[in-house]
Amino acid sequence: MSQLTGPVPDTVFPRLGWVDDLVVPALREAVGALPAAEARVAGYHRGWTEADGAPVESTPRRGKAVRPALTLLSALAVGGSARDALPGAVAVELVHDFTLLHDDVIDGDALRRHRPAAWSVFGTSAAVLAGDALLVAAMRAVSDVPCRSAAAVAELVGALMELVEGQSADVAFEEAPAVSVPQYLGMAGGKTGSLMGCACALGGVLAGADGERVGGLREFGRRLGVAFQCADDVLGIWGRSRRSGKPVGSDLAARKKSLPVVAALAGEGAAARELRALYASPHPLAEQEVVVARELVERAGGREAAEEEARRQLAEALRALSYARPSADVYRQLQEIAWAMVRRDA
Ligand SMILES: CC(C)=CCC/C(C)=C/CC/C(C)=C/COP(=O)(O)OP(=O)(O)O
C-alpha cells in the first residue's frame, strides 16, 4: 500500500457543503454568545476574524471540521436527521477548538491553522479562558437539546475525561525514558480517539439509535481517531506541506514521542541505537540534528510501523462501523471521509 504522505486525489478531503451550511451558522451563534473577550479570541482561532476583530477578507484559514461531519453523517447512518444531531456536531467542534487552544499553550506552539496561535496574539490567559468558555458552550449545546440531553451530556463528559487523560499521558511521555507502542496507542485513543468516538456516538444518540448501533459508531470514530493520529504523526515528520499549520519537523525538534519515533526507538539495529543516543539529549534538536533524526527514524523502521498501524486502525474502524448497520450510501460517505483522514497530506 502507498505511503500515507504519497499523492492523493484533489477530492480526497471533501468539504461537505451541506455540513458547513448547517454547522457554521450554529457555531457562529454559539461563539457569538460567549463573553466578548472570549468570543474575540475564539473568532480569531476559528479563522473568522483578524486579531483586531475585523472579518477575514482573504480565504479563511479554517479547520477541516471533520468531527461535525462525522456527527451528522452518523445520525444519517442510523436513519435519523442531521438537524437532530446538530447540537452534537456543534459541541464536538467547540470542544475540539478548546483542546487546540489549550494544547498550543501547553506546547508553546506558535502556529495554528497557518496563523500565529491565539496565545501568541492575545496572551496565555486570554487563550486559556477562551478555551474554557468554548468548553462550557459545548456543554450548553448538548444540555439544551429538547430530548436525549442526559445521554448526550453523559457521552460528552465521558469523552472529555478520557481526552484529558490522553493529553496528560502525552505530556508525561516527553520526560519518560521509554514509551511502548501499546502505551502510545492508549494515549492516542484518549487524546484523539475519544473525541472522534464521541462525535460519532453523539450522532447516534441524538438520532435515538439503540446501544449496539451507538457502540458501533463510537468504536468506528475512536479507531478512526487513532488512525488519524498515527497519520498525523507521520505527516509531522515527512509531510510535504504544513499540517495543522505547524512546521514539519517540529515534533522531532521537540523530541516528541510520536509513533514513528516510539516504534523506531524500540528497534534493535544501529539506526535505533543512534536515535536513542540523539533523543537522550535534554535539549531541543538543532536543524541538522532533525534531518539526521528523520533519517534514523525511517531507517529504524518507524515510518513503516506507523503507516502500518494507521492502516490497521482504519480497517478496525470500518469493521466497527458495520455494527452500526448504516445504509450503504452513508457507509460509503463515512468510508470516504475515513480514507481521506488517513491519507491526507496536510
Ligand atoms: C485537554 C487537551 C488540551 C487536549 C488536547 C488534545 C489534542 C491537542 C489532540 C490533537 C488532536 C489532533 C490530531 C488535532 C488536529 O485535528 P484536525 O487536523 O482535525 O484540526 P483542524 O480542525 O485544524 O482541521
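Remember, it's a predicted structure, so these values are computed and weren't measured experimentally. (Residues numbered from 1 in each chain as written. Predicted model: local features only at pLDDT ≥ 70, side-chain atom pairs only at ≥ 80, totals over all residues. Heavy atoms only, no water.)

Q: Looking at this structure, how should I read the overall build of the chain?
A: Counting secondary structure elements, the chain contains 15 helices and two strands. Over its C-alpha atoms the chain spans a radius of gyration of 20 Å, differing by no more than 12% from the 20 Å that the globule rule assigns to 346 residues. Along the first, second and third principal axes, the C-alpha set of the chain runs to 60 × 45 × 35 Å. Per-residue burial for the chain yields a buried fraction of 53% across its 346 residues. A sequence separation of at least 24 residues applies to 73% of the contacts in the chain between residues at least 6 apart. Roughly 14,600 Å² of accessible area belongs to the chain as shown, and the carbon and sulfur atoms make up 56% of that amount. Here the chain carries 38 positive and 43 negative side-chain charges, and the mean point of each set is 2 Å from the other. (Helix = DSSP H or I, 4+ residues; strand = E, 2+ residues; numbered from the N terminus. Rg over C-alpha atoms; globule rule 2.2 N^0.38 Å. Buried < 20%, exposed > 50% of the residue type's maximum accessible area, 1.4 Å probe, protein only. Contact = heavy atoms within 4.5 Å. Areas by Shrake-Rupley, 256 points an atom, 1.4 Å probe, with all protein chains shown as cover. Lys, Arg positive; Asp, Glu negative; His and termini not counted. Charge placed at Lys NZ, Arg CZ, Asp CG, Glu CD.)

Q: I would appreciate a short explanation of the site of the ligand in the present structure.
A: Around the ligand there are 16 residues in total, and Lys 64, Arg 67, His 96, Arg 113 and Gln 167 lie nearest to it. Take Arg 67: an N or O atom from its side chain is 2.8 Å from an oxygen atom of the ligand. The greatest single-element share of the shell around the ligand, amounting to four residues, is contributed by helix H4 (residues 82-107). In terms of residue class, the shell around the ligand is made up of two nonpolar, eight polar and six charged. (Near = heavy atom within 4 Å. Polar contact = N/O pair within 3.5 Å; in protein donor to acceptor, adjacent residues only side chain to side chain. Nonpolar A, V, L, I, M, F, W, Y, C, P; charged D, E, K, R; others polar.)

Q: Teacher, can you tell me more about the layout of surface pockets here?
A: Rolling a probe over the atoms, with the probe sized like a water molecule, indicates the empty space that remains. In this structure, the second largest pocket encloses a volume near 290 Å³. If you trace the second largest pocket, you find 15 residues lining it, with Ala 176, Pro 177, Ala 178, Lys 257 and Tyr 279 closest to the centre. Going through the elements one at a time, helix H7 (149-175), helix H11 (259-265) and helix H12 (270-280) are the ones with two or more residues in the lining of the second largest pocket. No other element matches H12, which puts three residues into the lining of the second largest pocket. Considering only residue class, the lining of the second largest pocket consists of ten nonpolar, no polar and five charged. (1 Å grid on protein atoms, 1.4 Å probe; cavity = no way out; pocket = protein on both sides within 12 Å on 5 of 7 lines; lining within 4 Å. Points joined across faces, edges and corners; volume = space filled by probe spheres on them.)

Q: Help me understand the pattern of salt bridges in this model?
A: Think of it this way: side chains of opposite charge can pair up when their charged atoms draw near. Counted by the stated rule, this structure contains 22 salt bridges. The closest approach of N and O atoms between Arg 222 and Glu 162, which form a salt bridge, is 2.8 Å. With Arg 222 in helix H9 (residues 211-238) and Glu 162 in helix H7, this pair connects stretches of sequence that are 60 residues apart. By relative accessible area, Glu 162 is classed as partly exposed at 30%. The partner of Glu 304 in a salt bridge is Arg 311, with the nearest N and O atoms 3.3 Å apart. Overall, Glu 304 belongs to the partly exposed group, its relative accessible area being 45%. Exposure remark for Arg 311: the relative accessible area of 14% places this residue in the buried category. Taken together, the salt bridges that share partners define one network made up of Asp 107, Asp 170, Glu 174, Lys 191 and Lys 256. (Salt bridge = Lys/Arg side-chain N within 4 Å of Asp/Glu carboxyl O.)

Q: Where do I start with the packing of H9 against helix H15 (residues 328-343) in this structure?
A: Two quantities define a packed helix pair, namely the angle between the axes and the distance from one axis to the other. Two numbers describe how H9 lies on H15: the axes approach to 8 Å, and their chain directions differ by 25°. Judged by the angle between their axes, H9 and H15 are roughly parallel. Here Phe 220, Leu 224, Ala 227, Phe 228 and Ala 231 of H9 come into contact with H15, specifically with Leu 334, Ala 338, Met 341 and Val 342. Split into classes, the residues belonging to the contact of H9 with H15 amount to nine nonpolar, no polar and no charged. (Axes fitted to C-alpha atoms, helices over the stretch in contact; angles between N-to-C directions. Parallel < 35°, antiparallel > 145°, perpendicular 65-115°, else oblique.)

Q: Help me understand the packing of aromatic side chains, please; the structure alone is not making it clear to me.
A: Each aromatic ring pair is described using two quantities: the centre-to-centre distance and the angle formed by the ring planes. According to the stated counting rule, one finds one aromatic pair in the structure shown. Considering the side-chain rings of Tyr 44 and Phe 122, the 5.4 Å spacing of their centres and the 75° angle between planes classify their relative orientation as edge-to-face. A residue pair is termed long-range when its members are at least 10 positions apart, and Tyr 44 in helix H2 (residues 36-45) and Phe 122 in helix H5 (residues 118-122) qualify at 78 residues. On the basis of relative accessible area, Tyr 44 is assigned to the buried category, the value being 5%. In this structure Phe 122 comes out as partly exposed when scored by relative accessible area, which is 21%. A cation over an aromatic ring shows up here: Arg 28 above the ring of Trp 48, its NZ or CZ 4.4 Å from the ring centre. (Phe/Tyr/Trp six-rings, centres within 6.5 Å; stacked < 30°, edge-to-face > 60°. Lys NZ or Arg CZ within 6 Å of the ring centre and 35° of its normal.)

Q: Which parts of the structure should I look at to understand the packing of H9 against helix H14 (residues 302-323)?
A: The N-to-C vectors of H9 and H14 enclose an angle of 165°; their axes lie 8 Å apart at closest approach. What the angle tells us is that H9 and H14 run roughly antiparallel. The way H9 lies across H14 gives a crossing that is left-handed. Taken together, the residues that form the contact of H9 with H14 break down as 17 nonpolar, two polar and eight charged. (Left-handed = near helix turned anticlockwise from the far one by under 90°.)

Q: What is the right way to look at H15 in this model?
A: Quick reminder: α-helices carry 3.6 residues per turn. Residues three or four places apart thus point the same way. Compared with an ideal rise of 1.5 Å per residue, which puts 16 residues at 22 Å, H15 spans 22 Å between its outermost C-alpha atoms and is within 8% of the ideal. The inward-facing, buried residues of H15 contact helix H3 (66-77), helix H8 (181-206), H9 and H14. (Expected span 1.5 Å × (residues − 1).)

Q: For this particular structure, what's the right way to read the nonpolar core?
A: Generally speaking, soluble globular proteins have nonpolar side chains that are buried together. Counting residues in hydrophobic clusters, the biggest one holds 105 residues, and the most contacted among them are Leu 70, Leu 94, Tyr 184, Phe 220 and Leu 224. Broken down by element, the residue count for this core peaks at 13 residues, all from H8. Non-local contacts of Tyr 184, meaning those with residues more than four positions away in its chain, are made with Phe 173, Val 179, Gln 229, Cys 230, Asp 233, Lys 257, Ser 258, Leu 259 and Val 262. (Core = buried A, V, L, I, M, F, W, Y, C linked by side-chain atoms within 4.5 Å.)

Q: Mind showing me how you'd approach the confidence of the model for the chain here?
A: Detailed reading of predicted coordinates is not advised where the pLDDT is low. Taken as a whole, the chain shows an average pLDDT of 91; of its residues, 92% reach a score of 70 or greater. In the predicted structure, residues 1-12 sits below a pLDDT of 50 and forms 28 contacts with residues beyond four places in sequence or in another chain. Prediction confidence for the complex, expressed as pTM and ipTM, is 0.93 and 0.96 respectively. (pLDDT = per-residue confidence, 0-100.)

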